[in-house]
Amino acid sequence: MFNLTDYWIEVGGLKNNYFSRNNFIRLGDEKFKEKIFKFRTKYNNTDIYHSAYMYETMDIDTCKLYGDFYLDLDGDINTEAGFTQLKQDVAGVVAYFVSMGFLESDICIYFSGSKGFHVIIPARTLGIEPVPELNLIYKEWALYLKNTIKISTVDTAIYDRRRLFREEGTINGKTGLKKVRIPLSLLFKETPEKIREFSSCPFSEVLCQYHIGFNKKGALNFYKKSQNFYKRKVTNINTNTTVKYTIPETKQKLLPCISKMLKQGSDKGYRNNTLVVLASSLLQSGYKLDETVDIMTGWNELNNPPMSLQELTLTVRSAYNGVLEGKRYGCNSIRELEYCTDENCKIKQREGITSAG
């Protein structure tokens, strides 16, 4: 058994256009509640976040993680089409996990305070133990739900180890609305106006209560599925890294998704991953190392902000060495970056790609 009081969380807040983070509090701190209250008071209960995970130690990059399973359904409740899609996706998520053995009361739905919804299944319900790769396990679930169960509004780019999540009951500074738990009956029966009205009620220290007991049947199915994800992922990695590869002598036509990616820049936090995938694809298509550096230098000008030339060159060389060693990036990586949207893609059909990993 692990002692949760020894774990740490990070809190952050936005005030006067300045975002403060790196504020860590140990759960077992005797003044934990007092410190949280002071932080919320300092920021007027507005734009306050906490880490999606709890950290075993302050070695954040390698320590064990513990936390609830979370999904961000990112849409727009302000349009009829957007609201309809979000309701369909929430219903799809709930139906899927109920089919695994979870109860509806195990699944918590929150209005984000802006345009979408958060879906949470408490860690205690899942019966999980702390593991270093928990964020990657949760990401595989998000990819599976998006690509296989066709939950189209799932944001799959929010599973880094230091992800901050908006705190329940706090106000979104842009909309003036709070992140609140929404009963399924309200979500499915009411209008966006009613949901916003529900979210604008005066804040109460008594937050929504929900079922947080261990669900043995659902947890067992969740664990088995998670293991399947990882077995498949490890197999793919091993296959890629053991097979040597020769870069083609003649250039091949680039995939449509790669051509599209080359015309669009990336924001900070996504640039390196996108750069590696693009460089790998160019090299696999017969482009020489210097040609790839030149093309990626042009692509870098579209980034916000651009990377340094030194960082870009080192990353392209790393991709080059990886390709030669058999570590190639393809459809799965492109899908994770959410550039693979063509359901009629011949490569996808040929490889039978139907799920993440």
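The rules behind these values
Residues numbered from 1 in each chain as written. Predicted model: local features only at pLDDT ≥ 70, side-chain atom pairs only at ≥ 80, totals over all residues. Heavy atoms only, no water. Phe/Tyr/Trp six-rings, centres within 6.5 Å; stacked < 30°, edge-to-face > 60°. Helix = DSSP H or I, 4+ residues; strand = E, 2+ residues; numbered from the N terminus. Buried < 20%, exposed > 50% of the residue type's maximum accessible area, 1.4 Å probe, protein only. Lys NZ or Arg CZ within 6 Å of the ring centre and 35° of its normal. Salt bridge = Lys/Arg side-chain N within 4 Å of Asp/Glu carboxyl O. Axes fitted to C-alpha atoms, helices over the stretch in contact; angles between N-to-C directions. Parallel < 35°, antiparallel > 145°, perpendicular 65-115°, else oblique. Left-handed = near helix turned anticlockwise from the far one by under 90°. Contact = heavy atoms within 4.5 Å. pLDDT = per-residue confidence, 0-100. Pairing = 2+ DSSP bridges. Expected span 1.5 Å × (residues − 1). Arc of directions from axis to C-beta.

**What about the packing of aromatic side chains?**
Here is step 1 of the chain: As enumerated under the stated definition, the model contains 22 aromatic pairs in all.
Here is step 2 of the chain: Ring geometry for tryptophan 141 against tyrosine 144: centres 6.2 Å apart, planes inclined by 85 degrees, an arrangement best described as edge-to-face. Of this pair, tryptophan 141 and tyrosine 144 are both found in helix 4 (residues 134-147), three residues apart, which corresponds to roughly one turn of the helix. Each member of the pair, tryptophan 141 as well as tyrosine 144, is classed as buried.
Here is step 3 of the chain: The rings of Tyr53, Phe69, Tyr70, Tyr96, Phe97, Phe102, Tyr138, Trp141, Tyr144, Tyr159, Phe165 and Phe222 are connected pair by pair, giving a single aromatic cluster.
Here is step 4 of the chain: Directly above the ring of tyrosine 110 sits lysine 179, whose terminal nitrogen or CZ lies 5.3 Å from the centroid.
Here is step 5 of the chain: The ring of tyrosine 287 is capped by lysine 251, whose NZ or CZ atom sits 5.3 Å from the centre of that ring.

**What to know about the pattern of salt bridges**
Here is step 1 of the chain: This structure, assessed with the given rule, holds eight salt bridges.
Here is step 2 of the chain: Here lysine 251 and glutamate 291 are joined by a salt bridge, their closest N and O atoms 3.1 Å apart. Of this pair, lysine 251 sits in the loop between helix 7 (216-242) and helix 8 (256-262) while glutamate 291 sits in helix 10 (residues 289-300); the two residues are 40 residues apart in sequence, bridging distant segments of the chain.
Here is step 3 of the chain: On the basis of relative accessibility, which here comes to 26%, the residue glutamate 291 falls in the partly exposed class.
Here is step 4 of the chain: Here the salt bridges share partners, and the residues they tie into one network are Glu10, Arg21 and Arg162.

**As for the packing of helix 9 (residues 271-284) against helix 11 (residues 309-324)**
Between two packed helices, what matters for the description is the angle formed by their axes and the separation of those axes.
Here is step 1 of the chain: In contact at an axis separation of 9 Å, helix 9 and helix 11 are set at 50 degrees when each is read in the N-to-C sense. In this view, helix 9 runs oblique relative to helix 11, as classed from their interaxial angle. Seen along the crossing, helix 9 lies across helix 11 with a hand that is right-handed. Across the interface between the two elements, Asn272, Leu275, Val276, Ala279, Ser280, Leu283 and Gln284 from helix 9 touch Glu311, Leu312, Thr315, Val316, Ala319, Tyr320 and Val323 from helix 11.

**Considering unusual backbone geometry**
Here is step 1 of the chain: Geometrically, the link from asparagine 304 to proline 305 is a cis peptide bond, its omega value of -5 degrees lying close to zero.
Here is step 2 of the chain: When you line up the elements, proline 305 lands in the loop between helix 10 and helix 11.
Here is step 3 of the chain: A positive phi angle, near 65 degrees, is found at asparagine 17, a position not held by glycine.
Here is step 4 of the chain: Along the polypeptide, asparagine 17 turns up in the loop between strand 1 (8-15) and strand 2 (18-26).
Here is step 5 of the chain: Of note, the phi angle at asparagine 45 is positive, near 55 degrees, even though the residue is not glycine.
Here is step 6 of the chain: Mapped onto the elements of the fold, asparagine 45 is located in the loop between helix 1 (32-42) and strand 3 (48-51).
Here is step 7 of the chain: Residue asparagine 45 is classed as buried on the basis of its relative accessible area, which comes to 11%.

**Details of the confidence of the model for the chain**
Here is step 1 of the chain: Summarising the model, the chain shows a mean pLDDT of 85, and 88% of its residues fall at 70 or more.
Here is step 2 of the chain: Here residues 203-209 is modelled with pLDDT under 50, and outside its nearest four sequence neighbours on either side it reaches nine contacts, counting other chains as well.
Here is step 3 of the chain: Across residues 237-242, confidence stays below pLDDT 50; counting only partners more than four residues off in sequence or on other chains, it has seven contacts.

**Overview of the pairing of strand 8 (residues 117-121)**
Here is step 1 of the chain: The element strand 8 is largely enclosed, with a buried count of five among its five residues.
Here is step 2 of the chain: Burial of strand 8 is two-sided: the residues Phe117, Val119 and Ile121 facing one way and the residues His118 and Ile120 facing the other way are all buried.
Here is step 3 of the chain: In this structure, strand 6 (residues 69-73) lies alongside strand 8, joined through five bridges in antiparallel fashion. If you follow aspartate 72 over to strand 8, its bridge partner there is histidine 118.
Here is step 4 of the chain: Where strand 7 (residues 108-111) lies against strand 8, four bridges are found, and the strand directions are antiparallel.

**Some details on helix 11**
For an α-helix, the turn length of 3.6 residues means that residues three or four places apart are oriented alike.
Here is step 1 of the chain: Compared with an ideal rise of 1.5 Å per residue, which puts 16 residues at 22 Å, helix 11 spans 23 Å between its outermost C-alpha atoms and is within 8% of the ideal.
Here is step 2 of the chain: All of the buried residues in helix 11 are Leu312, Thr315, Val316, Ala319, Gly322 and Val323. One side of helix 11 carries all its buried residues, which in axial view fall inside an arc of 120 degrees. Relative to its buried face, helix 11 has exposed residues pointing more than 90 degrees away, namely Gln310 and Leu314.
Here is step 3 of the chain: Buried residues belonging to helix 11 abut helix 9 and helix 10.
Here is step 4 of the chain: Glycine 326 sits one or two positions beyond helix 11 and adopts a positive phi of about 95 degrees.

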